[in-house]
Amino acid sequence: MSKKLPKVLFVATSRQTMGGITSVLKRYEKMEVWDKYRCAWLETQINKGLALKLWYMIKAYITMLFIVPSYDIIHFHTVPGNSLIVQMPVFLYSKLWGKKTIVHLHVGNQLYEYKDNRIMNFVLKKATKVVTLANVINGYLKELYGIDGAVIYNPINKQEKRDFAKSEKFIFFAAYLIKEKGYTTLLEAYSKLVHKYPDWNLIIAGTGELEEAQKICNKNGIADKVTIHSWLNRDQMNKMYEKAGIFCIASVKEGFPMSFLEAASYGVPVVSTPVGGLVDVLEDGTNSMVFDFNDSKQLAKKLDTLMGNEILRKDISSNLQKLVDTTFSEEAVSQQLDKLYSSL
């Protein structure tokens with residue numbers, strides 16, 4: 001008689017939340033592993049007003065009382081700080097029922113900031129298994145906490161081979177506009193190239209420090225070449241990826257940015273910092289162009305190289321789509337999750 005497979009309950013942000021964790025969970029829902037392990041999703045947080053945040057939290061705590069006992073594995077997708085604090089009652093309740101717990105960390109080099117955090121240390125030591133987003137991040141985990149975790153990449157599916165005849169000459173940047181996302185570095189770099197490449201524009205998508213971004217554009221005389229949108233919906237984002245000539249990631253702190261995977265799936269040539277889990281996969285000049293953190297001069301040089309070399313853009317595009325197909329496909333990640341659950 002075959003062994004009955006465990007049931008898995010995911011604990012994570014809400015389906016309405018914009019961000020990497022929600023994006024990952026929505027992809028999990030479409031994968032074979034979701035039905036195989038009779039998965040469900042307990043939504044604990046939402047990035048809306050205070051009243052709605054409290055409602056989601058209270059609703060999650062009430063719901064957990066009834067559903068946690070009927071699941072075998074409780075899989076938390078979290079980041080240190082407020083997210084982990086909100087999920088703590090669910091974690092403690094799960095341990096009270098003797099459930100196997102997986103703590104899936106959606107952070108990268110930020111781990112260093114939480115080395116002495118009591119809540120973080122408690123949860124990681126009590127968890128049945130800790131999961132990180134890349135081998136390099138698992139190295140941080142070993143160094144800081146003495147824990148050898150599992151590595152599971154975020155999933156994405158490759159789109160059709162890129163048709164460069166449909167590509168347009170603009171650099172695309174999508175992130176919440178705060179300093180650590182590096183938007184100021186990109187604006188400074190672009191301002192050094194705008195006269196050399198007058199046919200290339202910059203499109204930014206993201207809320208946050210919009211007024212500051214506009215001030216930098218005005219100061220550098222590039223306001224007429226830069227378009228700043230608020231967050232775009234999924235269809236609008238996909239259209240941007242289909243048309244973008246280059247995608248830029250300038251962050252100094254990340255886990256494994258879904259924006260990289262989304263751009264790579266569409267074959268958009270990527271210029272990026274070696275941030276978070278991207279260290280695992282970035283190959284400068286082969287599948288990306290890599291520049292140092294906060295270095296606008298080096299970023300300008302990398303952009304210059306790509307903007308002036310269509311053959312290189314095509315080569316990087318092809319290599320990125322191969323990378324997605326071999327390493328980040330939903331099928332590959334589903335198999336990794338299957339192996340993790342069956343091992344507990």
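Since the model is a prediction, treat every value here as computed from it, not as a measurement.

Draft legend 1. Examining the overall build of the protein chain more closely. Within the protein chain one finds 13 helices and 12 strands. A compact globule built from 344 residues would reach a C-alpha radius of gyration of about 20 Å, and the protein chain, at 21 Å, matches this within 12%. Burial statistics for the protein chain: of 344 residues in total, 54% are counted as buried. Within the protein chain, counting contacts between residues at least 6 apart in sequence, those at least 24 apart form 73% of the total. Of the accessible surface of the protein chain, which amounts to about 15700 Å², a share of 51% is contributed by carbon and sulfur atoms.

Draft legend 2. Looking closely at the packing of helix α4 (residues 82-96) against helix α5 (residues 118-126). At a minimum axis distance of 11 Å, the contact between α4 and α5 shows a crossing angle of 35 degrees. Taken as a pair, α4 and α5 cross one another with a handedness that is left-handed. Seen from α4, the contacting residues are L84, I85, M88, F91, L92 and K95; seen from α5, they are I119, M120, F122, V123 and K126. Among the residues forming the contact of α4 with α5, the class breakdown is 9 nonpolar, no polar and 2 charged.

Draft legend 3. How the structure looks around unusual backbone geometry. Phi is positive for R38, which is not a glycine, with a value near 45 degrees. Among the residues examined, R38 registers a relative accessible area of 34% and is labelled partly exposed. Unlike most non-glycine residues, N294 shows phi in positive territory, near 60 degrees. Since its relative accessible area comes to 52%, N294 is described here as exposed.

Calculation rules
Residues numbered from 1 in each chain as written. Predicted model: local features only at pLDDT ≥ 70, side-chain atom pairs only at ≥ 80, totals over all residues. Heavy atoms only, no water. Helix = DSSP H or I, 4+ residues; strand = E, 2+ residues; numbered from the N terminus. Rg over C-alpha atoms; globule rule 2.2 N^0.38 Å. Buried < 20%, exposed > 50% of the residue type's maximum accessible area, 1.4 Å probe, protein only. Contact = heavy atoms within 4.5 Å. Areas by Shrake-Rupley, 256 points an atom, 1.4 Å probe, with all protein chains shown as cover. Axes fitted to C-alpha atoms, helices over the stretch in contact; angles between N-to-C directions. Left-handed = near helix turned anticlockwise from the far one by under 90°. Nonpolar A, V, L, I, M, F, W, Y, C, P; charged D, E, K, R; others polar.

No statement about biological role is implied by the geometric values presented.
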